[in-house]
Amino acid sequence: METEDYCFETRLLHNRHKVDPATGAVSVPIQHASTFHQFDIDQFGKYDYARSLNPTREALEDVIAELEGGVKGFAFSSGMAAISTAFLLLSSGDHVVITEDVYGGTFRMVTEVLTRFGIQHTFVDMTDLDQVKQAIQPNTKAFYVETPSNPLLKVTDIRAISQLAKEIDALTFVDNTFLTPQLQKPLELGVDVVLHSATKFLAGHSDVVAGLAVVNDDALAKRLYFLQNSFGAILGVQDAWLVLRGLKTLHVRLEQSQRSALTLAEFLQAHPLVEKVYYPALEDHPQYEIQQEQAYGAGAVLSFELKDEDVVRSFVSNVKIPVFAVSLGAVESILSYPAKMSHAAMPQPEREKRGIKNSLLRLSVGLENPEDLIKDFSQAFEKLAHNELVLQRGESK
Ligand SMILES: *Cc1c(COP(=O)(O)O)cnc(C)c1O
């Protein structure tokens, strides 16, 4: 049996870097050296300088490539470093069609940095293929997809977009942060570059910032390697090791969190103080079918709307278990406020156009017992209901 035949959770542990060939160590050694002695003037070894290649980073790059089913992986100092470096595959005069409710940092990169280098963009609702087609220009060279999207959990038909891209010889990028290769394999659906904020589910413990990219084509791998080495936003070795360690438990973490996320989504959907729940595993989600078809699950992130900003403020001050913070995909549940956190880089009118209201909260479900989370949310809602009642009585006086 080859390691490729193992199930995903087995391959998280039993892959090419299961043991260190030099010592048998069952944890990838952290190689701090920045430079490597060359034993021959005519022929240099595989490693020469650590920006170009380092065995610890290389182990992580191998593992993520294998998990995504690609030929080569790349590790960067952050998700944004991975995304920004991938955008350097484009040139001045090129045009990108991009998901409108993209991660706030990607929005900022595309609108405020790439434009200065003559790379144009059009934001579209990627769930609407007609809109995508209409956005195509003679110089469209890439499609940038985030699915499920952030924070509204809209689902894009990855295969349809990569098909469109192939017809015009453009690249398709997919930010796979929310689902990871455990639940979604974009390369199998025709995508060219898979991107990750490994800060989230892959590392999973809120203790490292890292980014990854994977490609499925040798020529593209060469181009991206050239950019990684030229731009130099590589992942440090300690951080590479933390991601490698986090990856070993990805399957159990994500399974558990995903199961709890569905429980929470159903609880929230049934609650009278919740206006709307966004989660692709709910049957009334507009792209439920596509999600079922292209992914193995809906992940562990959901969003929900309360009545208004004041209600959000009061709810957030009353919940006790989730940390109220930026980020997602961690062992602890993280409640965040997209309008002022992940999407603060997006101006208010742009946010409103995209439906990212000031009454929206995003929840990344962690490993707590979901019943504890439900109890916690319930007591916060009860306080809200109580305040509302007091308010109403005051008004009617
Ligand atoms: C966090 C995040 C990023 C950016 O990653 P960093 O590691 O913070 O640079 C990109 N895309 C998505 C979907 C994210 O959640």
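Further up the page is the structure itself.
Residues numbered from 1 in each chain as written. Predicted model: local features only at pLDDT ≥ 70, side-chain atom pairs only at ≥ 80, totals over all residues. Heavy atoms only, no water.

What follows is about the pairing of strand E4 (residues 140–146). Extensive coverage of E4 is indicated by the burial of six of its seven residues. Both E4 and strand E5 (residues 171–175) contribute to a ladder of five bridges, which runs parallel. Bridge pairing in E5 places tyrosine 144 opposite phenylalanine 173. Remark: the E4/helix H6 (residues 158–167)/E5 crossover connection has right-handed handedness. (Buried < 20%, exposed > 50% of the residue type's maximum accessible area, 1.4 Å probe, protein only. Helix = DSSP H or I, 4+ residues; strand = E, 2+ residues; numbered from the N terminus. Pairing = 2+ DSSP bridges. Right-handed = clockwise from strand over helix to strand, strands pointing away.)

Another aspect to go through is the sheet that holds E4. The strands that make up a sheet pair up through hydrogen bonds in the backbone, lying either parallel or antiparallel. An order of E1-E7-E6-E5-E4-E2-E3 is seen for the seven strands of this open sheet, with the pairing classed as mixed. Every other strand in the sheet has two partners, leaving strand E1 (72–76) and strand E3 (120–124) as the edge strands with one partner each. Along the sheet, successive strands turn relative to each other by an average axial angle of 20 degrees, direction set aside. By the bridge criterion, five bridges tie E1 to strand E7 (residues 211–215) in an arrangement that is antiparallel. Pairing of phenylalanine 76 across the sheet is with glycine 211, part of E7. Packed onto the sheet, helix H2 (residues 55–68) meets E1, strand E6 (193–197) and E7 and runs at close to 130 degrees relative to E1. Here helix H3 (residues 79–87) sits on the sheet in contact with E1, strand E2 (95–99), E4, E5, E6 and E7, set at roughly 155 degrees to E6. (Axes fitted to C-alpha atoms, helices over the stretch in contact; angles between N-to-C directions. Contact = heavy atoms within 4.5 Å.)

Contacts to the ligand come from 15 residues, most closely from Met80, Asp175, Ser197, Thr199 and Lys200. In this structure, serine 197 approaches the ligand through a side-chain N or O atom, which is 2.8 Å from an oxygen atom. Within the complex, 91% of the 380 Å² of free accessible area of the ligand lies under protein. For the shell around the ligand, the leading source of residues is H3, giving three residues. Taken together, the residues of the shell around the ligand sort by class into seven nonpolar, five polar and three charged. (Near = heavy atom within 4 Å. Polar contact = N/O pair within 3.5 Å; in protein donor to acceptor, adjacent residues only side chain to side chain. Areas by Shrake-Rupley, 256 points an atom, 1.4 Å probe, with all protein chains shown as cover. Nonpolar A, V, L, I, M, F, W, Y, C, P; charged D, E, K, R; others polar.)

This part takes up the sheet that holds strand E8 (residues 276–278). In space, the five strands of this open sheet follow the order E8-E9-E12-E11-E10, with mixed pairing throughout. Here the strands that pair on one side only, and so sit at the sheet edges, are E8 and strand E10 (323–324). Bridge count for strand E11 (residues 334–336) against strand E12 (residues 360–364) is three bridges, and the pairing is antiparallel. When the sheet's bridge partners are listed, isoleucine 334 is paired in E12 with serine 364. The strands that helix H12 (residues 309–318) touches are strand E9 (301–305), E10, E11 and E12; relative to E12, the one it contacts most, it runs at about 30 degrees.

Interpretation note: all reported values are geometric properties and have no functional meaning in isolation.
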